[in-house]
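Here is how the chains run, residue by residue.
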2 protein chains.
Amino acid sequence: MEPTERTSVLVCMTCRSALDRVDARCSGAVLADATCSAAGDAPDICVQRVRCLGNCTRGPSAAIRTPNAWTYVFGGLDPTCDADALIAGARLLAAAPDGLMPWRGRPEILKRALIARVPPIDFVESDL
Amino acid sequence: MEPTERTSVLVCMTCRSALDRVDARCSGAVLADATCSAAGDAPDICVQRVRCLGNCTRGPSAAIRTPNAWTYVFGGLDPTCDADALIAGARLLAAAPDGLMPWRGRPEILKRALIARVPPIDFVESDL
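Since we're looking at a predicted model, the values are computed, not measured. (Residues numbered from 1 in each chain as written. Chains lettered and ligands numbered in written order. Predicted model: local features only at pLDDT ≥ 70, side-chain atom pairs only at ≥ 80, totals over all residues. Heavy atoms only, no water.)

Q: How should I be thinking about helix α1 (residues 27–39) of chain A in this particular structure?
A: Since the α-helix advances by 3.6 residues per turn, residues separated by three or four positions end up pointing in the same direction. All names here are of chain A. In this model α1 runs 18 Å from its N-terminal to its C-terminal C-alpha over 13 residues, within 8% of the 18 Å that 1.5 Å per residue would give. Within the span of α1, buried status applies to Ser-27, Gly-28, Ala-29, Leu-31, Ala-32, Thr-35 and Ala-39. Looking one or two residues beyond α1, the residue adopting positive phi is Gly-40, at roughly 60 degrees. (Helix = DSSP H or I, 4+ residues; strand = E, 2+ residues; numbered from the N terminus. Expected span 1.5 Å × (residues − 1). Buried < 20%, exposed > 50% of the residue type's maximum accessible area, 1.4 Å probe, protein only.)

This is the structure in structure tokens:
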């Protein structure tokens, strides 16, 4: 599947939490591993590690995007708890007919943790 | 020019600042107007009004994107001062050979005000 056709969860692997021990792996790397595990061999979701998503003061961070939809950036994620929510959110967005991640059914953490969203490339706001 | 080929500044026109008077236009709408004025008739930059970029607690907000480059979201902008910086940042990004907005020459506000950034669609992190 081409990059332009797939649904991706991009996990910032450089995010460091204030609670991270100096000698431990950073939270972003742990979240990236957990998200890869949560996706498993799913053919519909691609998990990508990136450095960095620029949300350094409010990490750990991840973004979700799929063709013809808004891109969502989330922060303040829990590296050990929120990987499943990212995968579920990615599937919700991929199935959304209007390109918006639906509120109903959205994992609670993805309701609270929104950092920003960006519209699809051909988006034009209505009623201007 | 097709949407997939142009450099865009997307301004959130629903951002409201704590300093906005109840009976006044919201800061986001003022920033959107100022950014359109700053762009003028420039053929290389498209200013788009959107509602909303999801950065509601740290607005006013704007995003900059161009083909084959990272998308940048900025917040805490000044609606009356920062429009020129957004246009300058958009041109810097459009000219960047590596798809990253260069630090050198970047308007100061776009150094301080980064909210998040998302890589281009075909991005693959190196050295993983």
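Q: Is there a simple way to think about the packing of aromatic side chains in this case?
A: Each aromatic ring pair is summarised here by two numbers: the centre-to-centre distance and the angle between the ring planes. Under the criterion given, the structure shown has four aromatic pairs over all chains. Here the aromatic rings of Trp70(B) and Phe123(B) are separated by 5.1 Å at their centres, their planes lie at 70 degrees, and the arrangement is edge-to-face. Remark: Phe123(B) occurs in the segment after β5 (114–118) and Trp70(B) occurs in the loop between β3 (62–65) and β4 (71–74); sequence separation between them is 53 residues. In this structure Trp70(B) comes out as buried when scored by relative accessible area, which is 3%. Taken together, a centroid distance of 6.2 Å and an interplanar angle of 10 degrees make the contact between Tyr72(B) and Phe74(B) stacked. Residue classification places Phe74(B) among the buried positions, given a relative accessible area of 0%. Here the basic side chain of Arg117(A) rests over the ring of Trp70(A), its NZ or CZ set 4.1 Å away from the ring centre. (Phe/Tyr/Trp six-rings, centres within 6.5 Å; stacked < 30°, edge-to-face > 60°. Lys NZ or Arg CZ within 6 Å of the ring centre and 35° of its normal.)

Q: What should I look at first to understand the packing of helix α1 (residues 27–39) of chain B against helix α2 (residues 83–95) of chain B in this one?
A: In a pair of packed helices, the angle between the axes and the distance between the axes together describe the arrangement. Residues and elements named next belong to chain B. α2 packs onto α1 with a crossing angle of 55 degrees between their chain directions and a minimal axis gap of 8 Å. The orientation of α1 with respect to α2, classified from their angle, is oblique. Between α1 and α2 lies a crossing of right-handed hand. In this structure, α1 contributes Leu-31, Ala-34, Thr-35, Ala-38 and Ala-39 to the contact, and α2 contributes Ala-83, Asp-84, Leu-86 and Ile-87. (Axes fitted to C-alpha atoms, helices over the stretch in contact; angles between N-to-C directions. Parallel < 35°, antiparallel > 145°, perpendicular 65-115°, else oblique. Left-handed = near helix turned anticlockwise from the far one by under 90°. Contact = heavy atoms within 4.5 Å.)

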